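Descriptive analysis of the structure
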Amino acid sequence: VGELARTMGTPAATVRESQQTLDVLFELATLLNTGLDRETLGILVALCENGANPEALAMVVKELRREAASIVREDLAAQQQQQQQQQQQQQHH
């Protein structure tokens, strides 16, 4: 969106058109169930505009999601184990 902004005339028009472009991209991302929020999408678009490989970015996003899901699963398992230990302690007292 930044590169688009630099090529389009007045600052107000540039900001407005950049925002409209991001709005359309966000709507498309939502329809495709990407799970990307507007801020993340804007960052990814800016990275692409600055030469980042879109496929590499997609792989990074997928890996970060896998890692986050793994952490959540580990946290849930630890919480369940802690609850079981507390229940066992209460039964013994």
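Basis of the calculations
- Residues numbered from 1 in each chain as written.
- Predicted model: local features only at pLDDT ≥ 70, side-chain atom pairs only at ≥ 80, totals over all residues.
- Heavy atoms only, no water.
- Helix = DSSP H or I, 4+ residues; strand = E, 2+ residues; numbered from the N terminus.
- Rg over C-alpha atoms; globule rule 2.2 N^0.38 Å.
- Expected span 1.5 Å × (residues − 1).
- Buried < 20%, exposed > 50% of the residue type's maximum accessible area, 1.4 Å probe, protein only.
- Arc of directions from axis to C-beta.
- Salt bridge = Lys/Arg side-chain N within 4 Å of Asp/Glu carboxyl O.
- Axes fitted to C-alpha atoms, helices over the stretch in contact; angles between N-to-C directions.
- Parallel < 35°, antiparallel > 145°, perpendicular 65-115°, else oblique.
- Left-handed = near helix turned anticlockwise from the far one by under 90°.
- Contact = heavy atoms within 4.5 Å.
- Core = buried A, V, L, I, M, F, W, Y, C linked by side-chain atoms within 4.5 Å.

1. Re the overall build of the protein
Counting its secondary structure elements, the protein contains 4 helices and 0 strands. The N-to-C order of helical and strand elements in the protein reads α-α-α-α. Taken over the C-alpha trace, the protein has a radius of gyration of 22 Å; the compact-globule value for 93 residues is 12 Å, which it surpasses by more than 25%. Each of the three principal axes of the protein carries a C-alpha extent, and together these read 75 × 25 × 20 Å.

2. Some thoughts on helix α2 (residues 11-31)
Relative to the 30 Å expected for 21 residues at 1.5 Å per residue, α2 spans 30 Å between its end C-alpha atoms, a close match to the ideal helical length. Within the span of α2, buried status applies to Ala-13, Thr-14, Ser-18, Leu-22 and Ala-29. Projected down its long axis, α2 carries its buried residues within an arc of 165 degrees, all on one side. Opposite its buried face, α2 presents the exposed residues Ala-12, Val-24, Glu-27 and Leu-31, each directed more than 90 degrees away. One or two positions beyond α2, positive phi appears at Asn-33, with a value near 55 degrees.

3. A closer look at the pattern of salt bridges
Applying the stated criterion across every chain, the model contains 2 salt bridges. Arg-38 serves as the salt-bridge partner of Asp-23, at 2.6 Å between the closest nitrogen and oxygen. Highlighted residues: Asp-23 in helix α2 and Arg-38 in helix α3 (residues 38-49), separated in sequence by 15 residues. A salt bridge links Arg-66 to Glu-63; its shortest N-O distance comes to 3.0 Å. On the criterion of helical spacing, the pair formed by Arg-66 and Glu-63 is a turn pair, its members being 3 residues apart in helix α4 (residues 54-92).

4. Regarding the packing of α2 against α3
Between α2 and α3, the shortest axis-to-axis distance is 10 Å and the interhelical angle comes to 115 degrees. As far as their axial angle goes, α3 and α2 are roughly perpendicular. With respect to the hand of their crossing, α2 and α3 are arranged in right-handed fashion. Contact residues: Gln-19, Leu-22, Asp-23, Leu-25, Phe-26 and Ala-29 in α2; Arg-38, Leu-41, Gly-42 and Val-45 in α3.

5. Side note on the nonpolar core
Leu-22, Ala-29, Leu-36, Leu-41, Leu-44, Val-45, Leu-57 and Val-61 form the largest nonpolar core, which has 8 residues in total. Listing elements by their share of this core, those giving two or more residues are α2, α3 and α4. Once you skip the residues sitting within four places of it in the chain, Leu-44 turns out to touch Leu-36, Leu-57 and Val-61.

Interpretation in functional terms is not warranted from these geometric data alone.
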